[in-house]
Amino acid sequence: MRHAAISGWGMAVPERILSNSDLERMVETSDEWIVSRTGIKERRVVGPGDSTTSLAVAAARQALDRAGLAADQIDLIVVATCTPDQFLVSQACLVQAELGGNAGAFDLGAACSGFVYALSTASQFVQTGCHERVLVIGVDTLTRFVDYTDRTTCILFGDGAGAVVLEATDEPRGLLSTVLGADGAGAKHLYIPGWGAYVPESAALLAEPRPHLQMNGQEVFRFAVRVMGEAAGAAVERAGLTFADIDMLIPHQANARIIDAAARTLDLPRDKVWMNLDRYGNTSAASIPIALHEAEAAGRLREGDNLVLVAFGGGLSWAAGVVRWGTAGVCRDPECRGRGGAATG
Ligand SMILES: CC(C)(COP(=O)(O)OP(=O)(O)OC[C@H]1O[C@@H](n2cnc3c(N)ncnc32)[C@H](O)[C@@H]1OP(=O)(O)O)[C@@H](O)C(=O)NCCC(=O)NCCS
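Residues numbered from 1 in each chain as written. Predicted model: local features only at pLDDT ≥ 70, side-chain atom pairs only at ≥ 80, totals over all residues. Heavy atoms only, no water.

Visitor: I keep staring at the environment of Asn20 and nothing clicks. Help me out?
Guide: As for its position among the elements, Asn20 is in helix H1 (residues 20-24). For Asn20, a relative accessible area of 1% translates into the label buried. Distance from Asn20 to Ala161, taken between C-alpha atoms, is 22 Å for residues 141 residues apart in sequence. When neighbours within four sequence positions are excluded, Asn20 is seen to be in contact with Asp31, Ile34, Val35, Ile40, Lys41, Glu42 and Arg43. Among the polar contacts listed, one links the side chain of Asn20 to the side chain of Arg43, at a separation of 2.9 Å. (Helix = DSSP H or I, 4+ residues; strand = E, 2+ residues; numbered from the N terminus. Buried < 20%, exposed > 50% of the residue type's maximum accessible area, 1.4 Å probe, protein only. Contact = heavy atoms within 4.5 Å. Polar contact = N/O pair within 3.5 Å; in protein donor to acceptor, adjacent residues only side chain to side chain.)

Visitor: For this particular structure, what's the right way to read the nonpolar core?
Guide: If you look at soluble globular proteins, the nonpolar side chains tend to sit buried side by side. In terms of nonpolar packing, the biggest core is built from 48 residues, with Met228, Val236, Phe243, Val308, Val310 and Phe312 touching the most fellow members. Broken down by secondary-structure element, the contributors of at least two residues to this core are helix H7 (217-238), helix H8 (256-265), strand E12 (306-313) and strand E13 (317-324). Counting residues per element, this core draws most heavily on H7, which supplies nine residues. Among the nonpolar cores identified, the runner-up in size contains 36 residues, and Leu76, Leu166, Leu301 and Ala319 belong to it. (Core = buried A, V, L, I, M, F, W, Y, C linked by side-chain atoms within 4.5 Å.)

Visitor: Sorry if this is basic, but what is going on with the site of the ligand here?
Guide: Taken together, 22 residues surround the ligand, and among them Thr29, Arg37, Arg151, Gln218 and Asn255 come closest. In this structure, Gly217 approaches the ligand through a main-chain N or O atom, which is 2.9 Å from a nitrogen atom. Contact with the protein chains removes 74% of the 970 Å² of surface that the ligand exposes when unbound. Broken down by secondary-structure element, the contributors of at least two residues to the shell around the ligand are helix H2 (31-38), H7 and E12. Ranked by the residues each element gives to the shell around the ligand, the list is headed by H7, at four residues. (Near = heavy atom within 4 Å. Areas by Shrake-Rupley, 256 points an atom, 1.4 Å probe, with all protein chains shown as cover.)

Visitor: Would you mind showing me how to read the packing of aromatic side chains here?
Guide: Given two aromatic rings, one states the distance between the centres and the angle between the planes to describe the pair. Counted under the stated rule, the structure contains four aromatic pairs. Summarising the aromatic geometry, the rings of Phe106 and Phe125 are spaced 6.4 Å apart at their centres and angled 55° between planes, so their arrangement reads as tilted. Within this pair, whereas Phe106 is found in strand E5 (residues 104-108), its partner Phe125 is found in helix H5 (residues 114-127), the two being separated by 19 residues in sequence. For Phe125, a relative accessible area of 24% corresponds to the partly exposed category. With a centroid separation of 6.4 Å and an interplanar angle of 75°, the aromatic rings of Phe223 and Phe312 are classed as edge-to-face. (Phe/Tyr/Trp six-rings, centres within 6.5 Å; stacked < 30°, edge-to-face > 60°.)

Visitor: I keep staring at the pairing of E5 and nothing clicks. Help me out?
Guide: Successive residues of a regular strand alternate their side chains across the two faces of the sheet. As judged from the five bridges shared by strand E4 (residues 76-80) and E5, these two strands associate in the parallel manner. Paired with Ala80 across the two strands is Leu108, which belongs to E5. Between the parallel elements E4 and E5, the chain passes through helix H4 (residues 91-99) in a crossover that is right-handed. (Pairing = 2+ DSSP bridges. Right-handed = clockwise from strand over helix to strand, strands pointing away.)

Visitor: Explain the packing of H7 against H8 to me, please; I cannot follow it from the model alone.
Guide: Viewed as axis vectors pointing N to C, H7 and H8 meet at an angle of 35°, and their least axial separation amounts to 9 Å. As H7 packs across H8, the resulting crossing turns out to be right-handed. Between H7, through Phe221, Ala224, Val225, Met228 and Gly229, and H8, the contact on the second element is made entirely by Arg257, Ile258, Ile259, Ala261 and Ala262. Looking at the contact of H7 with H8, its residues break down into eight nonpolar, one polar and one charged. (Axes fitted to C-alpha atoms, helices over the stretch in contact; angles between N-to-C directions. Left-handed = near helix turned anticlockwise from the far one by under 90°. Nonpolar A, V, L, I, M, F, W, Y, C, P; charged D, E, K, R; others polar.)

Visitor: Would you explain unusual backbone geometry in this entry?
Guide: Residues other than glycine predominantly adopt negative phi, and peptide bonds predominantly adopt the trans conformation. In this structure, Val89 follows Leu88 across a cis peptide bond, with omega equal to 15°. The peptide bond linking Gly315 to Leu316 adopts the cis configuration, its omega dihedral lying at -15°. Tracing the backbone shows Leu316 in the loop between E12 and E13. At Asp267, a residue that is not glycine, the phi angle is positive and equals roughly 60°. Counting through the fold element by element, Asp267 comes out in the loop between H8 and helix H9 (277-280). The class of Asp267 is exposed, set by a relative accessible area of 67%. Positive phi is not limited to glycine here, since Ser284 has a value of about 60°. On the basis of relative accessibility, which here comes to 1%, the residue Ser284 falls in the buried class.

Written out as structure tokens, the structure is:
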């Protein structure tokens, strides 16, 4: 059977840092409250020169370099985002315009679960033999939609991008299992109102220059703790493994208390759980690929390691998968790494 190994990875965050002490000067909050309730110490926030496109392109270039590929060797670009720079055209086409090449390009929207949804979708193009090399990007600039007078949400979010390259291999590498789920009835607990083709009749919403993210924190918290454990457990079972076989949990970085609760449910020791939300906050679809990149850079991912990726977010949605890390069996010969963009399946 063909598999889709992760052969390249990269990340990008804006330079501007928004610390808890900065937030203390903006809303009634404290570093102590934010750290104890969320684990977040600072986050990166887009400035005037940054965009969803610029972050996605920077992460993608790193991932391509690491894979040793040029953009015109990529067959398909899938971008997971809920904050595209524009609706027409897709974020993926904006990224492709910067990178070059003629890869197929489309966006996928599943909010903070988006990267795992996109990884699952993209892997299937490789597993079925339709494509050889696919670029998957998770990127969001949610701070553009954050209300910096609302202390219950403005402390949580940061901006960033992460990317991976998938390549075909006959060895069991890349995604071994996937669990995707959603509960649309819970959409009201985490959303951005009036941002889309539907024109709301509410004069108040129409008058607002840019809508703000709305969230019921306690509902999302309860939902997250439940689905993280359930989805991760189901993904491990579907891969034919047990948690004793798992080397690292790479969860969506939303709240340290949510991650700790999920790890307890799964009986995973703290040193097998990757957490970097203290420095980035919740970067939505970017959080898992950024975490993957940093775990690898820290020397924590080795060839053949079994990783569990698990995410939750707006939708409400959730997604989990077991990834076997490494590039065994990926052909490095230029002969088998031809030009991308043409339909092969
Ligand atoms: C938002 C969240 C951190 C709030 O933490 P919490 O422990 O649930 O806190 P509560 O909402 O119960 O609020 C407790 C008190 O702190 C206050 N509070 C809320 N935000 C505060 C802040 N930034 N600083 C200080 N106090 C704050 C509340 O007003 C409330 O005060 P009250 O008791 O006087 O009414 C938490 O619910 C959460 O992380 N939920 C999940 C959100 C998430 O992950 N969203 C993204 C999903 S992808």
